[in-house]
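In case you want the letters, here they are:
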Amino acid sequence: MADLELVVAGGSVIGGGATSRRDLGIASGTIVALEASIDPPVGVPVLDAGGCLVAPGLVDLHTHLRQPGREEAETVETGARAAALGGFTAVVAMPNTDPAIDSAAVARQILELGRKAMAEVVVAGAITVGRGGQALAPMGELADLGVRLFTDDGVGVQDGALMRRALDYAKGLGVTLAQHCEDECLAGGGVMHEGCWSSRLGLPGIPAAAEESMVARDIALSRLTDAPVHFLHLSTAGSVELVRRAKAEGLRVTAEAAPHHMLLTHDLVAGYDPVFKVNPPLRTAEDVAAVVGGLCDGTIDAIATDHAPHPPEAKDVPFDTAPPGMLGLQTALPIAWQVLGARLSPERIFALLTSQPAAIAGLSAAQRNGEATSAQGGPIAPGAAANLCIFDPSGTTVVDPHRLASRSRNTPYAGQTFSGAVRHTVLRGEPVVVDGEAQR
Ligand SMILES: [Zn+2]
């Protein structure tokens, strides 16, 4: 093993149904050895994973990198650094940029910026031109670039007939449509969840039905077209139940949930702090329990951050005029660990953040033309890409907004401490995060 470039020593490797104590040898961006013990040759750097879980690098299905057009909020570079610090080695950049990612030219620009980034950056394309909901975007030219997910995220496709045509088109291309489920007429300018707290605070509400009616419509359209649909950021108990029944029926549906919908509830809006404004909005404790239940029973396939940076000047306005969104990349894994740790095995928690989102994003080895060396989401095995998240379950993550890598500061967790911490992140064999510090 004279050509080893890096050894990851002393960790417990997640995968293959069991977790076992193993050392990893890495060369040319690939895992080349997985053994009970590896004696590193002189001069080869060693990453200490003692006491840690060694998992595949995390994959985020839902990241807003804000470039092009909103670079004051985030850039590909800063967002990818936040991702790496959060243990992610791949992110799917959402297309609600300015201009929107609705052409090969814009997609190429972001992919080019992503080549130098600290995490792999792939893009989701828009379903409609300019995300305007009127005419289908040229999905074919985007699919030719390797784009596998399409969404108008930020808004849902309101026109059911257009969505049906988009599903037929997507099915022919072998790509997946991802829906931000929100009926705009029902949402009607609401700014928080419609319920006891919106009444008390005098703020216009978004009923759970605004989300659930579009989930139900798109399940019906998936049945009609036999095309896959991915549901973004499910937030209500009713949505989770609809997806559960659709899966039982054998329909081609998948779903994700955001960490904040696993933890935070609508009463937090009581102080009118715009940091708690997000879309879909924070819901009730019953909804949070249903989202967690959906993650535990396999109804929801992935945890996706919906990392949505906004600069202070944008958020420092009255609640009803502030833009929705909160940061998520650097807190997702500790929150998942804290919320799910008592109910799911480490293997299943990491599957929600690695192999399952990678499969939805088209980043697994089988989907990348069988090229294991460019795959995301694991497994950790000889011959596989060396994309790793090395997580210390006995560590702590203290959220200091001023130390986050994002250009923005809109975390709802300022000052909070979560159990567990990302110690190292390895991207294609390169240690991009070591002992919790970004290396570039
Ligand atoms: Zn959305």
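Residues numbered from 1 in each chain as written. Predicted model: local features only at pLDDT ≥ 70, side-chain atom pairs only at ≥ 80, totals over all residues. Heavy atoms only, no water.

> How do you make sense of the overall build of the chain when you look at a structure like this?
Tallying secondary structure elements over the chain gives 13 helices and 19 strands in all. In summary, the chain has a C-alpha radius of gyration of 21 Å against a globular reference of 22 Å for 440 residues, a match within 12%. Based on the C-alpha atoms only, the size of the chain along its principal axes is roughly 65 × 50 × 40 Å. Relative to its 440 residues, the chain shows a buried fraction of 59%. (Helix = DSSP H or I, 4+ residues; strand = E, 2+ residues; numbered from the N terminus. Rg over C-alpha atoms; globule rule 2.2 N^0.38 Å. Buried < 20%, exposed > 50% of the residue type's maximum accessible area, 1.4 Å probe, protein only.)

> Explanation requested: the packing of helix H8 (residues 237-248) against helix H9 (residues 285-296) in the structure shown.
How two helices sit against one another is set out by the angle between their axes and by the gap between those axes. As a packed pair, H8 and H9 sit with axes 8 Å apart at the nearest point and diverge in direction by 25°. Judged by the angle between their axes, H8 and H9 are roughly parallel. For the pair H8 and H9, the sense of crossing is left-handed. Between H8, through Ala237, Val240 and Arg244, and H9, the contact on the second element is made entirely by Glu286, Asp287, Ala290, Val291, Gly293 and Gly294. The residue makeup of the contact of H8 with H9, split by class, is four nonpolar, two polar and three charged. (Axes fitted to C-alpha atoms, helices over the stretch in contact; angles between N-to-C directions. Parallel < 35°, antiparallel > 145°, perpendicular 65-115°, else oblique. Left-handed = near helix turned anticlockwise from the far one by under 90°. Contact = heavy atoms within 4.5 Å. Nonpolar A, V, L, I, M, F, W, Y, C, P; charged D, E, K, R; others polar.)

> Looking at this model, I keep getting lost on unusual backbone geometry. Mind explaining?
Peptide bonds are trans in most cases, and residues, glycine excluded, mostly fall at negative phi. Here Gln67 and Pro68 are connected by a cis peptide whose omega angle stands at 5°. Relative to the assigned elements, Pro68 resides in the loop between strand E6 (58-63) and helix H1 (76-85). Going from Asp98 to Pro99, the amide bond is cis rather than trans, its omega being 5°. Look at Arg66: it is not a glycine, yet its phi comes out positive at around 70°. Mapped onto the elements, Arg66 comes out in the loop between E6 and H1.

> I tried to follow the sheet that holds strand E9 (residues 149-150) on my own but got confused; where do I start?
Whether parallel or antiparallel, the strands of a sheet pair through hydrogen bonds between backbone atoms. Strand order in the open sheet formed by five strands is E9-E10-E13-E14-E15, and the pairing between neighbours is parallel. The sheet is open, and its two edges are formed by E9 and strand E15 (302-303), each paired on a single side. Judged from the two bridges that link them, E9 and strand E10 (residues 176-179) form a sheet pairing that is parallel. By the bridge assignment for E10, Phe150 is matched with Leu177. Lying over the sheet, helix H7 (residues 208-225) contacts E10, strand E13 (229-231) and strand E14 (253-257), oriented at roughly 165° with respect to E13. Running over the sheet, H8 touches E13 and E14 and is turned about 150° from E14. (Pairing = 2+ DSSP bridges.)

> Whenever I open this one, the coordination of the zinc ion confuses me. Can you help?
Working reference: metal with six octahedral donors, ideal angles 90 or 180 degrees; metal with four tetrahedral donors, ideal angle 109.5 degrees. At the metal site, the zinc ion is ligated by Asp153 (OD), His180 (ND1) and His233 (NE2), and these contacts range over 2.0 to 2.3 Å. The sequence pattern describing where the donors of the zinc ion fall on their chain is D-x26-H-x52-H. Taken together, the residues span a long stretch of sequence, with His180 in the loop between E10 and helix H5 (184-187) and His233 in the loop between E13 and H8 at a distance of 53 residues. Across this residue pair, the class does not change: His180 and His233 are buried. (Donors = N, O, S within 2.8 Å, 3.2 Å for Na, K, Ca; no water.)

> Got a minute to help me understand the pairing of strand E1 (residues 6-13) in this structure?
Side-chain direction in a regular strand flips from residue to residue, so the side chains alternate between the two faces of the sheet. Within E1, six of the eight residues are buried, which leaves the element mostly enclosed by the surrounding structure. Two strands pair when backbone bridges link them, and E1 and strand E2 (residues 20-27) are joined in this way by six bridges, in the antiparallel orientation. From the neighbouring strand, Val8 faces E2, where its bridge partner is Leu24. Looking at chain direction, E1 and strand E4 (residues 46-48) are connected through three bridges and run parallel.

> How should the sheet that holds strand E7 (residues 88-93) be read in this particular structure?
Strand order in the open sheet made by the three strands is E6-E7-E8, with parallel pairing throughout. Looking at strand neighbours, the two that pair on one side only are E6 and strand E8 (120-123), the edges of this open sheet. When strand polarity is set aside, the average angle formed by the axes of neighbouring strands in this sheet is 20°. Alignment of E6 against E7, held across four bridges, turns out to be parallel. Counted as the bridge partner of Val59 is Ala90 from E7.

> In this structure, what is going on with the pattern of salt bridges? I would like to understand it.
Proximity of charged atoms lets side chains of opposite charge pair with each other. Taken as a whole and assessed by the stated rule, the structure comprises 16 salt bridges. With a closest N to O distance of 2.8 Å, Arg223 and Glu249 form a salt bridge. Placement of the pair is Arg223 in helix H7 and Glu249 in the loop between H8 and E14, with a sequence separation of 26 residues. Its relative accessible area of 44% is what places Arg223 among the partly exposed residues. Under the relative-accessibility criterion, Glu249 is labelled partly exposed at 44%. What emerges from the salt-bridge pattern is a single network uniting Glu241, Arg244, Arg245 and Asp297. (Salt bridge = Lys/Arg side-chain N within 4 Å of Asp/Glu carboxyl O.)

> Sorry, what's going on with the environment of Pro228 here?
By the secondary structure assignment, Pro228 is in the loop between H7 and E13. Sequence separation of Pro228 and Thr254 is 26 residues, and the distance between their C-alpha atoms is 7.9 Å.

> Just to check I follow, could you spell out the nonpolar core for this structure?
Generally speaking, nonpolar side chains in soluble globular proteins are found buried as a group. Grouped together as the largest cluster of nonpolar side chains are 96 residues, with contacts concentrated most on Leu177, Phe231, Leu295, Leu340 and Phe350. When near neighbours in sequence (up to four residues on either side) are disregarded, Phe231 contacts Gln179, Cys181, Val215, Asp218, Ile219, Val243, Val253, Thr254, Ala255 and Glu256. Within the second largest apolar cluster, 16 residues are counted, among which are Leu61, Ala124, Ala358 and Ile360. (Core = buried A, V, L, I, M, F, W, Y, C linked by side-chain atoms within 4.5 Å.)

> Sorry, what's going on with the packing of aromatic side chains here?
To describe a pair of aromatic rings, you give the distance between the ring centres and the angle between the ring planes. For the structure shown, the criterion picks out four aromatic pairs. Aromatic side chains Trp337 and Phe391 sit 5.2 Å apart centroid to centroid with 65° between the ring planes, which places their arrangement in the edge-to-face category. With a gap of 54 residues between them, Trp337 in helix H11 (residues 332-340) and Phe391 in strand E16 (residues 388-398) connect regions that are remote in the sequence. Classification of Trp337 by relative accessible area gives buried; the value is 15%. Look at Phe391 and you get buried, because its relative accessible area is 0%. A centroid spacing of 6.1 Å and a plane angle of 70° characterise the contact between Phe350 and Phe391, whose relative ring orientation is edge-to-face. One end of the pair, Phe350, is in helix H12 (residues 346-351); the other, Phe391, is in strand E16, and 41 residues separate them in sequence. Ring pairing ties together the aromatic residues Trp337, Phe350 and Phe391, which thus form one cluster. Positioned above the aromatic ring of Trp197, the side-chain terminus of Arg200 is 4.3 Å from the ring centre. Directly above the ring of Phe319 sits Lys277, whose terminal nitrogen or CZ lies 5.8 Å from the centroid. (Phe/Tyr/Trp six-rings, centres within 6.5 Å; stacked < 30°, edge-to-face > 60°. Lys NZ or Arg CZ within 6 Å of the ring centre and 35° of its normal.)

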